[in-house]
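Structural characterization, general
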Amino acid sequence: MIAVTGADGQLGQALVRRASGLGIGVLALGRAQLDVTDSARISQLLGAGRFEAVVNCAAYNAVDRAEDCPGEAFAVNAYAPWLLAQQGIPLVHVSTDYVFDGVSERLCEVTDAPSPLSAYGLSKRAGEAALLESGARGLIVRTAWLYSKREGTRNFFQTIRRLARERPEISVVDDQVGSPTLAEDLAEAILLLIRAGAHCRPMSLFHFAGKGSCSRFEFARAIVRAEGLDCRVRPVHTGAFPSRARRPAHAVLSCSRFEHACGVAPRGWLEALESREAWEVL
Ligand SMILES: NC(=O)c1ccc[n+]([C@@H]2O[C@H](COP(=O)([O-])OP(=O)(O)OC[C@H]3O[C@@H](n4cnc5c(N)ncnc54)[C@H](OP(=O)(O)O)[C@@H]3O)[C@@H](O)[C@H]2O)c1
């Protein structure tokens, strides 16, 4: 039996769906059932059951808003994972490529020193550090550019698809490079890590993202093509869309530790985008 917090988010939903499909018992805890900053409620819900792992999919993800509300971001992204780890149940926590500054163009290794550019990135790094120093068992999976094609989710894919349906032309930045990652692929990767027993060891870091990389512009163009839409995508520089938070220009995660632990590599980001088949290796 596993417990999933943030179960109504795109990753939470994917994880609950896949674990249930595999016959794994799941306690799905959306925000209405569990506010992850509420320590009494955490003890009440998690202290009562026998869980193999808690998978924390709850997060404060509003990257620009976090610049003005860092307290909220830190409460959900740093304090809450530490609270969850206090239950003595192995914790699987999810973090982000935004802990890196994206200055170097080489792959980001799990051993590289983080250097966040934004309040969101700082709050996610604080969550990682709290867990790594907590003495708890578990693992932290950093991912990037997470999206789901399922209706009702909120992400870059959904925004581009909606805009491309409404407009003849859209502009997208071409100087931010990363690796689009399908939420369903990440859910599979998390369940693979659990099956490999990685969550039972002292807290450690893994990376998982779609293989390869692209710019936001290339990702948007691929979405328009994959969805068969008639919309021109125009490349622009980041400066064309002034935003509150700075974002890494080039953050591509090396997944070699994941590949070594699970014996399988992530599929390519474009294959995941274009395929109607789920990446099912379990
Ligand atoms: N999205 C990306 O591009 C991306 C990239 C890299 C890493 N990540 C990481 O991947 C993980 C999963 O992200 P996601 O894209 O699935 O996020 P998501 O779709 O935004 O889901 C996050 C969920 O957490 C919930 N939540 C927020 N505050 C909470 C609280 N105090 N208590 C309980 N639940 C709370 C949200 O509820 P509300 O909707 O009610 O706020 C939402 O259902 C996160 O750790 C995120 O930082 C995401």
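Rules used throughout
Residues numbered from 1 in each chain as written. Predicted model: local features only at pLDDT ≥ 70, side-chain atom pairs only at ≥ 80, totals over all residues. Heavy atoms only, no water. Helix = DSSP H or I, 4+ residues; strand = E, 2+ residues; numbered from the N terminus. Contact = heavy atoms within 4.5 Å. UniProt positions renumbered as here; feature names shortened; annotations may be inferred. Near = heavy atom within 4 Å. Polar contact = N/O pair within 3.5 Å; in protein donor to acceptor, adjacent residues only side chain to side chain. Areas by Shrake-Rupley, 256 points an atom, 1.4 Å probe, with all protein chains shown as cover. Pairing = 2+ DSSP bridges. Axes fitted to C-alpha atoms, helices over the stretch in contact; angles between N-to-C directions. Phe/Tyr/Trp six-rings, centres within 6.5 Å; stacked < 30°, edge-to-face > 60°. Buried < 20%, exposed > 50% of the residue type's maximum accessible area, 1.4 Å probe, protein only. Lys NZ or Arg CZ within 6 Å of the ring centre and 35° of its normal. Parallel < 35°, antiparallel > 145°, perpendicular 65-115°, else oblique. Left-handed = near helix turned anticlockwise from the far one by under 90°. Nonpolar A, V, L, I, M, F, W, Y, C, P; charged D, E, K, R; others polar. Core = buried A, V, L, I, M, F, W, Y, C linked by side-chain atoms within 4.5 Å. Right-handed = clockwise from strand over helix to strand, strands pointing away.

1. Side note on the environment of W279
Its location among the elements puts W279 in the segment after helix 9 (269-274). Each C-alpha atom, one on W279 and one on R65, is 33 Å from the other, the two residues being 214 residues apart in sequence. Leaving out residues up to four positions away in the same chain, W279 has contacts with D185, E188, A189, L192, F208, F258, V264, A265, P266 and R267.

2. Here's the deal with the UniProt feature "domain: RmlD-like substrate binding" (unreviewed entry) in the protein chain
In the numbering adopted here, UniProt assigns the feature "domain: RmlD-like substrate binding" (unreviewed entry) to residues 2-274. A distance of 31 Å separates the end C-alpha atoms of residues 2-274, which is 36% helix and 17% strand.

3. Some words on the site of the ligand
By nearness alone, 23 residues border the ligand, and Q10, L11, N61, Y120 and K124 come closest of all. Interatomic distance of 3.0 Å between a side-chain N/O atom of R154 and an oxygen atom of the ligand. Within the complex, the protein chains bury 82% of what would otherwise be the 890 Å² of accessible surface of the ligand. For the shell around the ligand, the secondary-structure elements that each account for two or more residues are helix 1 (10-21), strand 4 (91-96) and helix 4 (119-132). The dominant element in the shell around the ligand, judged by the number of residues it contributes, is strand 4, at three residues.

4. Thoughts on the sheet that holds strand 1 (residues 2-5)
Spatially, the six strands line up as an open sheet ordered 2-1-3-4-5-10, and their pairing is parallel. The sheet is open, and its two borders are formed by strand 2 (26-29) and strand 10 (204-207), each paired with just one other strand. For this sheet, the mean angle separating the axes of adjacent strands, direction not counted, is 20 degrees. For strand 5 (residues 138-143) and strand 10, the ladder comprises four bridges, and the chain directions are parallel. Counted as the bridge partner of R142 is H207 from strand 10. Each of strand 1, strand 3 (53-56), strand 4, strand 5 and strand 10 touches helix 6 (residues 183-195); the most contacted strand, strand 5, lies at about 155 degrees to it.

5. Some thoughts on unusual backbone geometry
Phi angles above zero are rare outside glycine, and W145 is one such case at about 40 degrees. Inspection of the secondary structure puts W145 in the loop between strand 5 and strand 6 (146-147).

6. Here's the deal with the packing of aromatic side chains
Each aromatic ring pair is summarised here by two numbers: the centre-to-centre distance and the angle between the ring planes. Evaluation of the coordinates by the stated rule reveals nine aromatic pairs. Ring geometry for Y98 versus Y120: centroids 6.1 Å apart, planes at 80 degrees, classification edge-to-face. Of this pair, Y98 sits in the loop between strand 4 and helix 4 while Y120 sits in helix 4, placing them 22 residues apart in sequence. With respect to burial, Y98 and Y120 carry one shared label: buried. An angle of 85 degrees between the planes, with centres 6.0 Å apart, marks the rings of F219 and W269 as edge-to-face. Remark: W269 occurs in helix 9 and F219 occurs in helix 7 (residues 216-226); sequence separation between them is 50 residues. For F219, a relative accessible area of 1% gives the class buried. Taken together, W145, Y147, F156, F157, F219 and W269 form an aromatic cluster joined through their ring pairs. Here R216 stacks its cationic end above the ring of W145, 3.9 Å away from the centre of that ring.

7. Re the packing of helix 3 (residues 70-85) against helix 4
Between helix 3 and helix 4, whose axes approach to 8 Å, the crossing angle comes to 15 degrees. One way to sum up the angle between helix 3 and helix 4 is to call them roughly parallel. Two packed elements cross with a definite hand, and for helix 3 against helix 4 that hand is right-handed. From helix 3, P70, A73, F74, N77, A78, P81, W82 and A85 reach across to helix 4, where they touch A119, Y120, L122, S123, K124, A126, G127, A130 and L131. Residues of the contact of helix 3 with helix 4, tallied by class, amount to 13 nonpolar, three polar and one charged.

8. Some details on the nonpolar core
Burial of nonpolar side chains together is a common tendency in soluble globular proteins. Core analysis: the biggest nonpolar cluster contains 32 residues, and V36, L46 and L91 have the highest contact counts within it. Among the secondary structure elements, those contributing two or more residues to this core are helix 2 (39-46), helix 3 and helix 4. If you tally residues by element for this core, the top one is helix 3, at six residues. Every residue in contact with L91, bar those within four places of it in the chain, is listed here: V54, N56, P81, L84, A85, L131, R137, G138, L139 and M203. Counting residues in each nonpolar core, the second largest holds 31 residues, with A19, L192, I194 and F206 among its members.

9. Observations concerning the pairing of strand 3
Side chains A53 and V55 project from strand 3 onto one buried face, and the interleaved V54 and N56 project onto a second face that is buried too. For strand 1 and strand 3, the ladder comprises four bridges, and the chain directions are parallel. The residue of strand 3 that forms the bridge with I2 is A53. Bridging between strand 3 and strand 4 involves three bridges; their strand directions are parallel. Counterpart to V55 in the pairing with strand 4 is V92. In this view, the connection linking strand 3 to its parallel neighbour strand 4 by way of helix 3 has right-handed handedness.

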